[in-house]
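# Architecture and fold: a report
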Amino acid sequence: MQYNNEYKQEKIYKNAIRRKGKLNLRKIKEWLRKEVHQYYIQKLDAEQKDYLEVVSNYIEYYNRRALRCKMSFYGTNLVKILGLSGVTLAKIIGENADKVDFSTSAAIITTMCLVLEGVNALFRWQEKWILYRNAQNALMREIRQFVVKEGIYQEKENSFSFFVEMVESIIDDEARKWNSCMKEQKEQKNEEETGRGE
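Right, let's walk through the structure included here. For clarity, every value in this text was computed on a predicted model and none was experimentally measured.

### Section: the overall build of the chain
Each helix and strand counted, the chain has six helices and zero strands in total. Across the chain, helices and strands are ordered from the amino to the carboxyl terminus as α-α-α-α-α-α. In the chain, once contacts between residues fewer than 6 apart in sequence are set aside, the share between residues at least 24 apart is 66%. For the chain, the accessible surface area stands at approximately 14,600 Å², while carbon and sulfur atoms represent 55% of it.

### Some remarks on a negative patch on the surface
On the surface, E184, E187, E191, E192 and E193 cluster together into a negatively charged patch. For E192, the location among the structural elements is in helix α6 (residues 159-197). Residue E192 is classed as partly exposed on the basis of its relative accessible area of 40%.

### Some thoughts on helix α5 (residues 125-147)
Between its first and last C-alpha, α5 extends 33 Å over 23 residues, near the 33 Å set by a 1.5 Å rise per residue. K149 sits one or two residues past α5 and shows a positive phi near 55°.

### Considerations on the nonpolar core
With 24 residues, the main nonpolar core has L52, V55, L139, I143, F146, F163 and V167 as its most contacted residues. Among the secondary structure elements, those contributing two or more residues to this core are α3 (46-96), α5 and α6. Leaving out residues up to four positions away in the same chain, V167 has contacts with Y51, V55 and L139.

### Some points on the pattern of salt bridges
Tallied over the full model, the rule gives five salt bridges. Ionic pairing is found between R141 and E142, a salt bridge with its closest N-O pair at 3.6 Å. Assessed through its relative accessible area of 38%, R141 is described here as partly exposed. Accessibility expressed as a relative area gives 2% for E142, which makes it buried.

Calculation rules
- Residues numbered from 1 in each chain as written.
- Predicted model: local features only at pLDDT ≥ 70, side-chain atom pairs only at ≥ 80, totals over all residues.
- Heavy atoms only, no water.
- Helix = DSSP H or I, 4+ residues; strand = E, 2+ residues; numbered from the N terminus.
- Contact = heavy atoms within 4.5 Å.
- Areas by Shrake-Rupley, 256 points an atom, 1.4 Å probe, with all protein chains shown as cover.
- Patch = residues over 30% accessible without salt bridge, like charges linked within 9 Å, V, L, I, M, F, W, Y side chains within 5 Å.
- Salt bridge = Lys/Arg side-chain N within 4 Å of Asp/Glu carboxyl O.
- Lys, Arg positive; Asp, Glu negative; His and termini not counted.
- Charge placed at Lys NZ, Arg CZ, Asp CG, Glu CD.
- Buried < 20%, exposed > 50% of the residue type's maximum accessible area, 1.4 Å probe, protein only.
- Expected span 1.5 Å × (residues − 1).
- Core = buried A, V, L, I, M, F, W, Y, C linked by side-chain atoms within 4.5 Å.

Written as structure tokens, this is what we have:
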């Protein structure tokens, strides 16, 4: 009977991974959540389970934000690289063809790349991506250690309250880092403007 149950779980996992040749992340996530709850979460009381659900929502939020920032950063930089390499290609083609206006296409492409660089500097996707990913990884590490009572939670009687403190400090730390990053950017901008005025 035990073998049959393990076989069914393995079959569910394989079906979740490959559905018509595509990776089905939602099924894998559900399967992993069920596995984790089956072995670890069942030992916790209702308050702890509720708080773990809140932390899981934070992890999901940071994951979505990190993925969005990563894709935006890579997307804009890929367009810039392709655009700037297109200028060289247009120059090569322009020498061989009489109908291609190289100066106009080069001006359009370089202007587009400058705009994309400004957008990258404005939204700071790379820095956000790193901050969100670090916060997500820190929260995941704390959950794993708390649930299996390892690391700093190993011999603490009030490990749940310590866990809550650690989670809140991670979330506060992420916000504090972002605020300090924005302050540095404003100070740098003010210094540049002051330098121009002199």
